[in-house]
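# Examining the three-dimensional arrangement
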Amino acid sequence: MKFTSDVVVLSARRYSMTDDKTGELVQGTKIEYVEDWDPQPQQNKRGLSVLSANFPYELYDSLGDVPAVYSADFQLVAGARGKATVAMTNLHYREPFKPFANKSGGAK
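Residues numbered from 1 in each chain as written. Predicted model: local features only at pLDDT ≥ 70, side-chain atom pairs only at ≥ 80, totals over all residues. Heavy atoms only, no water.

## Focus on the pairing of strand β4 (residues 68-78)
- With 8 bridges joining them, strand β1 (residues 2-18) and β4 adopt antiparallel strand pairing. Bridge pairing in β4 links V8 to V69.
- Where β4 meets strand β5 (residues 84-96), 11 bridges bridge the pair, whose relative direction is antiparallel. Looking at the pairing, Q75 lines up with A87 of β5. (Pairing = 2+ DSSP bridges. Helix = DSSP H or I, 4+ residues; strand = E, 2+ residues; numbered from the N terminus.)

Below, the structure written as structure tokens:
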């Protein structure tokens, strides 16, 4: 199963390090994003959940500005013990992020 959803990429961080146990070079790009600006109310929780995804090291160079709105591709993949997990597989820049454009809110 594949699907696409708009997300706001908040940050991107590229990393490169040597694994202490194996000596193997570990590289990648970690992005942090928000999918839903209007989360459903939950007991004992306020605010947004920030999610993260890992991509190849080279993706960092192809990212545009962040924060920004991206179209993200997701796919169902096998996770630990074969449990189905949704994974982000690709990002496409859409537009600059406009914080809370056309949103009303405030303290109660």
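From this point on, the discussion continues.
## With respect to a nonpolar patch on the surface
- A surface patch of nonpolar side chains, about 380 Å² in accessible area, is lined by M1, F3, L76 and V86.
- Position of F3 relative to the elements: it lies in strand β1. (Patch = residues over 30% accessible without salt bridge, like charges linked within 9 Å, V, L, I, M, F, W, Y side chains within 5 Å. Areas by Shrake-Rupley, 256 points an atom, 1.4 Å probe, with all protein chains shown as cover. Salt bridge = Lys/Arg side-chain N within 4 Å of Asp/Glu carboxyl O.)

## Quick word on the packing of aromatic side chains
- On inspection of all chains with the given rule, the structure shows 2 aromatic pairs.
- Measuring from ring centre to ring centre gives 5.5 Å for Y70 and Y93, while their planes differ by 85°; the resulting arrangement is edge-to-face. Residue Y70 is located in strand β4, and its partner Y93 is located in strand β5; the two are separated by 23 residues in the primary sequence. (Phe/Tyr/Trp six-rings, centres within 6.5 Å; stacked < 30°, edge-to-face > 60°.)

## Thoughts on the confidence of the model for the protein chain
- Per-residue pLDDT for the protein chain averages 88, and the proportion of residues at 70 or more is 91%.
- No element of the protein chain has a lower mean pLDDT than β5, which averages 92, and none a higher one than strand β2 (residues 25-34), which averages 96. (pLDDT = per-residue confidence, 0-100.)

## Looking at the sheet that holds β4
- Pairing is antiparallel in the open sheet, where 5 strands are placed in the order β3-β2-β1-β4-β5. At either margin of the open sheet sits one strand with a lone partner, and together these are β3 (51-55) and β5. Within the sheet, the average angular offset between the axes of one strand and its neighbour, ignoring direction, is 45°.
- One ladder, built from 10 bridges, connects β1 with β2; its direction is antiparallel. The partner of A12 across the bridge, within β2, is I31. (Axes fitted to C-alpha atoms, helices over the stretch in contact; angles between N-to-C directions.)

## With respect to unusual backbone geometry
- Here the residue pair V66 and P67 is connected by a cis peptide bond, since its omega of 0° sits within 30 degrees of zero.
- Within the fold, P67 resides in the loop between α1 (59-62) and β4.
- Residues other than glycine seldom take positive phi values, yet N44 does so here, at roughly 65°.
- Considering the arrangement of structural elements, one finds N44 in the loop between β2 and β3.
- Owing to a relative accessible area of 78%, N44 belongs among the exposed residues under this scheme.
- Its identity is not glycine, yet R81 carries a phi of approximately 55°, on the positive side. (Buried < 20%, exposed > 50% of the residue type's maximum accessible area, 1.4 Å probe, protein only.)

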